[in-house]
Amino acid sequence: MMLLYGTDALTAAAREGTALPGFVAYNLETVQAIVAAAETSGRPVLLQAGSSAFRHAGREALMALALDAARRSTARIGVHLDHSRDLAEITACIEAGYTSVMVDGSHLPFAENVALTRAAVRRAHDAGVWVEAELGALAGDEDVSTRATAAGGSMTDPGQAAEFVAATGADALAVAVGNVHGFTAEPVRLDLDRLERIGALVPVPLVLHGASGLPEAELLGALRRGVAKVNVNAELRRSYLAAVVSVLPEALPGSDTVATWSAARDAVTATALRVTELLASRG
Ligand code: 13P
């Protein structure tokens, strides 16, 4: 099927109080699992073959894998670049056929974040690609659970968020409202009042990063306040690794890698499906 271009699915989700999952993939089995979850659920899904995953798998290889799997699928799948600060990388993904990109200038002073994001928006919009930007900074690590607390981040200011979106032309805004990348020692409580104020001032769909381990009530509360894309990574990684651990005693004597990878793929599929259906359930 055609890849999922444009922001229609995102704005429809925002309107109905649901969200699209943005699932991060590092390898073949995770890509296949995410595609399988989209096909089984019948829901649109964003397959994020991202910047840090490129360092593991190689950019060309992982881009090709993600795009090919999404194009061959019967499901509506967007292929999205997660967290990138690098305009050359963003351009490479746009040229390869990605449907959206995230430019992450959240570590920069406001004016520099605006300048970087504007440059990415210009390149992306010329190619019909939509852009997610970020204002405010999350605690935690994008690839490893550090058990960080929200205190390590800095929250998004609602007024500044409105100014940022107007100045950059970003199509979606990732916000920091107490959310943390990866699993945390204590359950995360979102600042839903702040999220509501951001949602009231910002005219584009909001994105919630760091959804792994987030209590369901917090997640559904965020959907009711304008969050239309929810990023999930650590939860998929944990399912993958737990499946490998459980199958190894049987697989190791015969060096049965296929059994190991299949178990990992099935486990990630089940998790991605559960999250996709939860996000479709109208907070
Ligand atoms: P988690 O690892 O907490 O699910 O966060 C994923 C994420 O935000 C990717 O950008």
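Residues numbered from 1 in each chain as written. Predicted model: local features only at pLDDT ≥ 70, side-chain atom pairs only at ≥ 80, totals over all residues. Heavy atoms only, no water.

Focus: the environment of A66
We apply this condition: In DSSP terms, a helix is any run of H or I states spanning at least four residues, a strand is any run of E spanning at least two, and both are numbered starting from the N terminus. Working definition: with a 1.4 Å probe on protein chains only, accessible area under 20% of the residue-type maximum means buried, over 50% means exposed, and in between means partly exposed. Residues count as neighbours in contact if any of their non-hydrogen atoms are within 4.5 Å of one another.
Residue placement: A66 occurs in helix α4 (residues 59-72). Note on A66: relative accessible area 0%, which makes it buried. Considered as a pair, A66 and I77 are eleven residues apart in the sequence and their alpha carbons are 9.9 Å apart. Contacts of A66, omitting those with residues within four sequence positions, involve V31, L47, A49 and V79.

Focus: unusual backbone geometry
The phi angle at H83 is positive, at roughly 25 degrees, despite the residue not being glycine. Locating H83 in the fold gives a position in strand β3 (residues 77-84). The exposure class of H83 is buried, given its relative accessible area of 8%. We note that S255 has phi near 50 degrees; this positive angle belongs to a residue other than glycine. By secondary structure assignment, the location of S255 is in the loop between α10 (234-251) and α11 (257-279). Using a relative accessible area of 59% as the deciding quantity, one classes S255 as exposed.

Brief notes about the nonpolar core
For clarity, the threshold we go by: Joining through side-chain atoms within 4.5 Å is the link that ties buried Ala, Val, Leu, Ile, Met, Phe, Trp, Tyr and Cys residues into a set, and such a set is a nonpolar core.
In terms of nonpolar packing, the biggest core is built from 80 residues, with Y98, V101, L173, L208 and V230 touching the most fellow members. What L208 contacts, discounting residues up to four positions off in sequence, is V177, N179, L190, L214, L219, A222, V227, K229, V230 and N231. Core analysis: the next-biggest nonpolar cluster, separate from the first, contains twelve residues, L4, A13, W130 and V207 among them.

Things to note about the site of the ligand
The test is simple: Residues are counted as near a molecule or strand when any one of their heavy atoms sits within 4 Å of it. Whenever two N or O atoms come within 3.5 Å, that pair is a polar contact, provided that in protein one can donate a hydrogen and the other can accept it, and provided that, for residues adjacent in sequence, both atoms are side-chain atoms. Method for areas: the Shrake-Rupley scheme with a 1.4 Å probe, in which residue coverage is limited to the protein chains shown. Following the grouping adopted for this structure description, the nonpolar residues are Ala, Val, Leu, Ile, Met, Phe, Trp, Tyr, Cys and Pro, the charged ones are Asp, Glu, Lys and Arg, and the polar ones are all others, Gly among them.
Contacts to the ligand come from 14 residues, most closely from D82, G182, G210, S212 and N233. Between the ligand and D82 there is a distance of 2.8 Å, counted from an oxygen atom to a side-chain nitrogen or oxygen. At 3.2 Å from an oxygen atom of the ligand is found a side-chain nitrogen or oxygen belonging to H83. Considering the ligand on its own, with 300 Å² of exposed area, one finds that the protein chains cover 100% of that surface. Contributions of two or more residues to the shell around the ligand are made by β3, β8 (180-181) and β10 (227-232). For the shell around the ligand, the per-class residue count stands at five nonpolar, eight polar and one charged.

Considering helix α1 (residues 8-16)
The test is simple: The directions considered for the arc run from the helix axis to the C-beta atoms.
Turning to α1, its buried residues are A9, L10 and A13. Relative to the axis of α1, the buried residues are bounded by an arc of 100 degrees and lie together on one face. Exposed residues lying more than 90 degrees from the buried face of α1 are D8 and R15. Against the buried residues of α1 lie β1 (20-24), β5 (130-135), β7 (172-175) and β10. Just past α1, the residue G17 takes up positive phi, approximately 75 degrees.

Thoughts on the packing of helix α7 (residues 158-168) against helix α8 (residues 192-201)
As a reminder of what qualifies: Between N-to-C directions, angles cover 0 to 180 degrees, with each direction set by a line fitted to C-alpha atoms, over the stretch in contact for helices. Should the near helix be turned counterclockwise from the far one by less than a right angle, the crossing is left-handed, whereas a clockwise turn marks it as right-handed.
The N-to-C vectors of α7 and α8 enclose an angle of 30 degrees; their axes lie 8 Å apart at closest approach. Viewed along their axes, α7 and α8 form a crossing whose handedness is right-handed. Each of P158, G159, A161 and A162 in α7 lies in contact with α8, whose residues at this interface are R194, R197, I198 and L201. Residues of the contact of α7 with α8, tallied by class, amount to five nonpolar, one polar and two charged.

Digging into the packing of helix α5 (residues 87-96) against helix α6 (residues 110-126)
Short version of the rule: Oblique is the label for any angle not under 35 degrees, not over 145, and not in the 65 to 115 range, which are roughly parallel, roughly antiparallel and roughly perpendicular in turn.
Here α5 crosses α6 at 20 degrees, and the two axes come no closer than 10 Å. Considering the angle they form, α5 stands roughly parallel to α6. Of the two possible hands of crossing, α5 and α6 adopt the one that is right-handed. Between α5 and α6, the residues in contact are L87, I90, T91 and I94 and L116, A119, A120, R123 and A124, respectively. Here the residues of the contact of α5 with α6 sort into seven nonpolar, one polar and one charged.

On their own, these measurements won't tell you what the molecule is for.
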